[in-house]
Amino acid sequence: QQPEELANLLLFLQEKEIKNFLDIGTFNGITFNLISDVLNTFRNVDCITVDPFDHNKVKNEKYTYQQTTSDYYKNQVFDLVFIDGDHSYECSKNDYLNVGQYAKYCVFHDINDIFVRSNNGGVCRLWEEIKTTKKHIEFNCSKKPVQVMGIGVLVNDGS
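The text that follows walks through the structure, step by step, so that each part is easy to find. (Residues numbered from 1 in each chain as written. Predicted model: local features only at pLDDT ≥ 70, side-chain atom pairs only at ≥ 80, totals over all residues. Heavy atoms only, no water.)

Right, let's talk about the overall build of the protein chain for a bit. In terms of helices and strands, the protein chain carries five helices and seven strands. In sequence order, the secondary structure elements of the protein chain are arranged as α-β-α-β-β-β-α-β-α-α-β-β. Counting all 159 residues of the protein chain, 48% fall into the buried class. For the protein chain, the proportion of contacts with a sequence separation of at least 24, taken over those separated by at least 6, is 68%. Total accessible area on the protein chain is roughly 8,200 Å²; 52% of this is exposed by carbon and sulfur atoms. (Helix = DSSP H or I, 4+ residues; strand = E, 2+ residues; numbered from the N terminus. Buried < 20%, exposed > 50% of the residue type's maximum accessible area, 1.4 Å probe, protein only. Contact = heavy atoms within 4.5 Å. Areas by Shrake-Rupley, 256 points an atom, 1.4 Å probe, with all protein chains shown as cover.)

Our next topic: the environment of aspartate 79. For aspartate 79, the position within the fold is in the loop between β3 (64–66) and β4 (80–83). Looking at aspartate 79, the relative accessible area reads 13%, which means it is buried. Through-space distance from the C-alpha of aspartate 79 to that of alanine 103 is 5.1 Å; in sequence the pair is 24 residues apart. Setting aside its immediate chain neighbours within four residues, aspartate 79 contacts Glu17, Ile18, Lys19, Asn20, Ala103, Lys104 and Tyr105. Of note is the side chain of aspartate 79, whose polar atom sits 2.6 Å from the backbone nitrogen of lysine 19. (Polar contact = N/O pair within 3.5 Å; in protein donor to acceptor, adjacent residues only side chain to side chain.)

A word on the packing of helix α1 (residues 3–13) against helix α2 (residues 30–39). Axis separation between α1 and α2 bottoms out at 10 Å; the angle between their running directions is 30°. Classified by the angle between their axes, α1 and α2 sit roughly parallel to one another. By crossing handedness, the relation of α1 to α2 is classed as right-handed. Contact residues: Leu6, Leu9, Leu10 and Leu13 in α1; Thr31, Leu34, Ile35, Val38 and Leu39 in α2. (Axes fitted to C-alpha atoms, helices over the stretch in contact; angles between N-to-C directions. Parallel < 35°, antiparallel > 145°, perpendicular 65-115°, else oblique. Left-handed = near helix turned anticlockwise from the far one by under 90°.)

What follows concerns the packing of helix α3 (residues 89–98) against helix α5 (residues 122–131). Direction vectors running N to C along α3 and α5 enclose 50°, while the axes themselves pass 7 Å from each other. One way to sum up the angle between α3 and α5 is to call them oblique. The element α3 and its partner α5 pack so that their crossing is right-handed. Counted together, Tyr89, Ser92, Lys93 and Tyr96 of α3 and Gly122, Val123, Arg125, Leu126, Glu129 and Ile130 of α5 form the full contact between these two elements. When the residues that make up the contact of α3 with α5 are grouped by side-chain class, the tally is five nonpolar, two polar and three charged. (Nonpolar A, V, L, I, M, F, W, Y, C, P; charged D, E, K, R; others polar.)

Time to look at the sheet that holds strand β7 (residues 151–155). Strand pairing in a sheet is mediated by backbone hydrogen bonds. Such pairs are either parallel or antiparallel. The mixed open sheet is built from seven strands, whose spatial order is β3-β2-β1-β4-β5-β7-β6. Strands with a single pairing partner mark the edges of an open sheet, and in this sheet they are β3 and β6 (136–139). Between one strand axis and the next, the sheet turns by 15° as a mean value, whatever way the strands run. Most of the contacts of α1 go to β7, to which it runs at about 20°, and overall it touches β4, β5 (105–109), β6 and β7. Each of β1 (20–24), β4, β5 and β7 touches α3; the most contacted strand, β4, lies at about 170° to it. (Pairing = 2+ DSSP bridges.)

Dropping the structure here:
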């Protein structure tokens, strides 16, 4: 994660009414645990993360870690969904269709990443398709010499 992008996302989220959070793509758990801790600073948020592989060695007993995919939660509604799993176009789209499209705030990671883009457009291509018809916010560090990472948020909160 780019610290500036993640910090901007956390500042954006801190004032939102979020009761539940689904993170897709736990990997080592650093991002999930950080976002969950920030969300739980002033409220009680149910935090769940899914990843078919268990790379995460640091687990907080307050949160749920599952060795599965977004398919397990298909059609369920979450206030916040963070899509950061398999960055291919097909898998990112599947995660979005399973749960992201129903979320108040659907966050995509790596929306502006030259390395991800080389994989059939990856999540970058999906982001470009979706954002044209949805209210959205982007957090991109413009000072980077190479375009990597980037965070996009689809906003479906009724505002």
